[in-house]
Structure formats: structure tokens, C-alpha cells
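Listed below, chain by chain, are the residues.
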Amino acid sequence: MKKLVISTGGGDAPGLNAVIYAVVNAAHSRGWEVYGSRSGYLGLLDPEQLVPLTPAVVADITPTGGTILGSTNKGNPFAMPVRNLAGDYQIHDVSDRIMKNFQRMGFYCHIAVGGDGSLEIAHRFAKEKGMPVVGVPKTIDNDLQATQRTFGFDTAVSTATEALDKLHSTAKSHDRVMVVEVMGRDSGWIALNSGISGGADVILIPEIPFDIQSVCEKISDNELHDKHYAIVVVAEGARAANHEVVTQGTGEVGRAEALLGGIGLWVANMIRTCTEKDTRSLVLGHLQRGGTPTTFDRLLALRFGAAAVRLAEAGEFDHMVALATPDMVAVPLEQAIKSRKKVPLSSDKIMTAREIGICLGE
Ligand code: F6P
């Protein structure tokens, strides 16, 4: 009987539990066992944090948000922050301990569900320690080049679109400008998809450094056409031309990436100054990561989970499952982590936005 271990790493995304459900059931139908590693690699570091996962345990988790295993974006086993007795953090490489536990437990394969950070760690384990790994791509940002879609994205876009729909009536009632900051790191997918669908007047994405003057002109132009309110969607990674990306610093021990955020408020202040219109800003933040996955995300996550077990069965390790519609394919992890997927400036979505009168800050 083969034993699999599954972990969920990085920021959570709606659909993680659906992957777990599919992996457990697809493995069970082959007569295999599955264990879950809590908080990324913690279960492999401390076997008390390994949970046996049976079809009964995961029976009703598919529609639920988050991950039943917990997740972390501060748990890189090759550079793990460990607190010493004096209360200071020291960085330790615990990858050998993890590999020993993996072998001691008799695991056949590790199914690592994560974004580019977690998949990079999975690839290091495969390459440097010989761990048989299969990756499953996850992120609300949809910024992994090797797959057409990641699960979580559709849910995040739906949440953001619903928020924009709701903001129209209050913006209109008060003749206000509402500036909404959405997630997505260095890619504008969430902003663009939700902004077009949610009737935004302005969409600012990282791929197009913006000119605040053209944003203000668009809002003033609205007035000439008897529209006295505006909705502005700003991706957290967007920046004005000749300005840096706005961040909250790294802040947290063990976190590899800077925490983005603050550009929405900056844009709102600039708009208020140049148009003299009442302007409010809000940050949608982690609302975009919560809630039940959409049907699209559930189905994609279930397909990823089942495909990951197929790869494990075929011994196709150090690969990630990916969507190449209508198929599921295997992509080498090394290739999958190489580059992030940006919004192509020649894409139909960009053309659509321009043609329906949305200002992209150009
Ligand atoms: O990568 C997913 C994501 O939600 C990004 O869009 C965002 O920048 C980041 O994670 C937020 O991370 P945290 O949950 O650590 O605040």
C-alpha cells in the first residue's frame, strides 16, 4: 500500500479543501493511504502534526474555504526562523530532518499544493534531497505562467466584482469617487477582470505604470457627460510612473516577500486634490481569499487533485499539474517556477477595457 502526504503552503485560496478531497478519494480508490501535513511542512518536521486523512474525514470539505490543514508563508524549511531561549529568531535549515521523517514514515510521494514560493521549495526538495514531489498550483493572483488558471482566482474575482457592484449605488448617491484596492501582487488579473465586469471607470494594474493626471481627466470628463460618480479599481502592485510600488515593508520574520498595500489610499488622495470631488478608498484585502469556492474553482481544484494522484501513480515526480484546456498536463516544476504570468498588454481584455471607455491610467 502506498502512502501519500499532502501539504498546503503560502496564502490560502478557495479550493484548497477541494484539492485535499480529490487527493484523498483518488488515492483511496487505488487502495493508498493519505496523511496531511499541518501548516505547510510542520507535519513533516514534527510527525505529531501529521493527520491521517480518510474519505470520511474529508467528506464534506469541498465547498468550504481555507484549508483544513492550515497554511503558512513563513515556513521555508531551508530557512526556517526558530526562536531561541533569549527570544531572538535564528534561521535554521531543517530540510534534512524533514527528509528523514519523510523516509521514516514510508511516504511514497509528497503532494505540495502552493503558489510559486511553495512550489520552489518543493522543487528544491526534489532536486537536492531526492523527495518524490508532485506540485498543485494555487493562488488567487493567477500569476503562474505554466497553467492557464490557478484555483482561487475565480472566487476572488467574483468577490471583488460583487463589492464593485455594491459600491455603485453609494458612490452615485453621494456623487463620490470610490477607490478600491484589490490583491494580485505584481499581476493585474484580479483588478482587470473584476474592474471590467464591475463597471469601473478606471483600472490601474502593475503592468501599466499610470499617470495620475489621466485618471483625474477621466473623472472630470465623467462630469461633462453627466456622470457625477466614479469607481476606480487599483491593483495593490500598481504604481504611478516614476514612483515605487507602495508596501507595508516585510514586517514578519521568515516572510520572503514584502507586504503590498497602500496604493489605493495614495490614489484617492491624489484624485481628491486634483478633482476636488469627495473621494473614499477601501481595501478589499483578505475578503478576496475567503468564502466558499465558486463552481469553476471547485471543479478545477478537484481536477488538479485527481490529476496529481495520476502523476504520482505514473512516477512523474518534480512536476506540477497544469490546466491546458481541455486537458490536465504535467509541467516540470523547474519550468513552472521560472516566470510569473503578467497581463499581456496586447490582450483582448486590455482592448475591451479601452474600447468600452475604461481609463487604464495611460
Ligand atoms: O498571493 C496571495 C496574496 O493574497 C496576495 O494577493 C497578497 O499580496 C498576499 O497574498 C497577502 O499575503 P498575507 O496573507 O500574508 O497578508
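Notes on the structure follow. (Residues numbered from 1 in each chain as written. Predicted model: local features only at pLDDT ≥ 70, side-chain atom pairs only at ≥ 80, totals over all residues. Heavy atoms only, no water.)

Side note on the site of the ligand
Phase 1 of the analysis: Lining the immediate surroundings of the ligand are Asn73, Ile140, Asp141, Met183, Gly184, Arg185, Glu236, Arg255, Leu259, His286 and Arg289.
Phase 2 of the analysis: Separating an oxygen atom of the ligand from a side-chain N or O atom of asparagine 73 is a distance of 3.0 Å.
Phase 3 of the analysis: Between the ligand and glutamate 236 there is a distance of 2.6 Å, counted from an oxygen atom to a side-chain nitrogen or oxygen.
Phase 4 of the analysis: Relative to its free-state accessible area of 400 Å², the ligand is covered by the protein chains to the extent of 84%.
Phase 5 of the analysis: Residues belonging to the shell around the ligand are distributed by class as follows: three nonpolar, three polar and five charged.
Phase 6 of the analysis: Taken domain by domain, the makeup of the shell around the ligand includes at least three residues from each of domain 1 (3-151 + 293-336) and domain 2 (156-290). (Near = heavy atom within 4 Å. Polar contact = N/O pair within 3.5 Å; in protein donor to acceptor, adjacent residues only side chain to side chain. Areas by Shrake-Rupley, 256 points an atom, 1.4 Å probe, with all protein chains shown as cover. Nonpolar A, V, L, I, M, F, W, Y, C, P; charged D, E, K, R; others polar. Domains from an automatic or database assignment.)

Quick word on unusual backbone geometry
Phase 1 of the analysis: Residue proline 326 is reached from threonine 325 by a cis peptide bond, and omega for that bond is 5°.
Phase 2 of the analysis: Among the structural elements, proline 326 can be located in the loop between β12 (319-324) and β13 (327-332).
Phase 3 of the analysis: Not every positive phi belongs to a glycine, and arginine 185 is a case in point at roughly 50°.
Phase 4 of the analysis: Relative to the elements of secondary structure, arginine 185 occurs in the loop between β8 (177-182) and α6 (189-197).
Phase 5 of the analysis: Look at aspartate 318: it is not a glycine, yet its phi comes out positive at around 60°.
Phase 6 of the analysis: Here aspartate 318 lies in the loop between α9 (295-314) and β12. (Helix = DSSP H or I, 4+ residues; strand = E, 2+ residues; numbered from the N terminus.)

A short note on the packing of aromatic side chains
For any pair of aromatic rings, the description consists of the separation of the ring centres together with the inter-plane angle of the planes.
Phase 1 of the analysis: Evaluated as defined, the whole model comprises eight aromatic pairs.
Phase 2 of the analysis: Centre to centre, the rings of tyrosine 35 and phenylalanine 107 are 5.7 Å apart; their planes meet at 65°, and the pair counts as edge-to-face. Linking tyrosine 35 in strand β2 (residues 33-37) with phenylalanine 107 in the loop between α3 (95-104) and β6 (109-114), this pair joins segments that are 72 residues apart in sequence. Each member of the pair, tyrosine 35 as well as phenylalanine 107, is classed as buried.
Phase 3 of the analysis: Note on phenylalanine 78 and phenylalanine 125: the rings are 4.9 Å apart at their centroids and 50° apart in plane angle, and the pair reads as tilted. Placement of phenylalanine 78 in the loop between β3 (50-53) and β4 (80-83) and of phenylalanine 125 in helix α4 (residues 116-129) is noted, with a sequence separation of 47 residues between them. The same class applies to phenylalanine 78 and to phenylalanine 125, which are both buried.
Phase 4 of the analysis: Grouping aromatic residues by their ring pairs yields a cluster made of Trp32, Tyr108 and Phe317.
Phase 5 of the analysis: Note that lysine 2 overlies the ring of tyrosine 108, its terminal NZ or CZ placed 4.9 Å from the centroid.
Phase 6 of the analysis: One residue, lysine 341, lies across the ring of tryptophan 189, its end atom 5.9 Å from the ring centre. (Phe/Tyr/Trp six-rings, centres within 6.5 Å; stacked < 30°, edge-to-face > 60°. Buried < 20%, exposed > 50% of the residue type's maximum accessible area, 1.4 Å probe, protein only. Lys NZ or Arg CZ within 6 Å of the ring centre and 35° of its normal.)

Section: the packing of α6 against helix α11 (residues 348-355)
Phase 1 of the analysis: It is at 11 Å that the axes of α6 and α11 come closest, and there the two elements cross at 45°. Overall, the two elements α6 and α11 adopt an arrangement that is oblique. Handedness of the α6/α11 crossing: left-handed. Here Trp189, Leu192, Asn193 and Ile196 of α6 come into contact with α11, specifically with Lys349, Ile350 and Ala353. (Axes fitted to C-alpha atoms, helices over the stretch in contact; angles between N-to-C directions. Parallel < 35°, antiparallel > 145°, perpendicular 65-115°, else oblique. Left-handed = near helix turned anticlockwise from the far one by under 90°. Contact = heavy atoms within 4.5 Å.)

Concerning α3
Phase 1 of the analysis: Of the positions making up α3, those classed as buried are Ser95, Ile98, Met99, Asn101 and Phe102. Mapping the buried residues of α3 onto a view down its axis gives an arc of 160°, with all of them on the same face. Away from the buried face of α3 by more than 90 degrees, exposed residues Lys100, Gln103 and Arg104 are located.
Phase 2 of the analysis: Looking at the buried residues of α3, the elements they touch are β1 (3-8), α2 (42-45), β6 and α4.
Phase 3 of the analysis: Immediately downstream of α3, the backbone of glycine 106 shows phi near 70°, a positive value. (Arc of directions from axis to C-beta.)

Details of helix α8 (residues 263-275)
Note: α-helices contain 3.6 residues per turn, so residues at a spacing of three or four share the same orientation.
Phase 1 of the analysis: Here α8 contains 13 residues, and its C-alpha end-to-end distance of 18 Å stays within 8% of the 18 Å for a straight helix at 1.5 Å per residue.
Phase 2 of the analysis: Within the sequence span of α8, burial applies to Ile263, Gly264, Val267, Ala268, Ile271 and Thr275. The arc enclosing the buried residues of α8, seen along the axis, measures out at 135°, which places them on a common side. Along α8, exposed side chains directed more than 90 degrees from the buried face belong to Leu265 and Thr273.
Phase 3 of the analysis: Packing partners of the buried residues in α8 comprise β8, β9 (202-204), α7 (212-224), β10 (230-235) and β11 (279-283).
Phase 4 of the analysis: Just downstream of α8, glutamate 276 is the residue with a positive phi angle, here 60°. (Expected span 1.5 Å × (residues − 1).)

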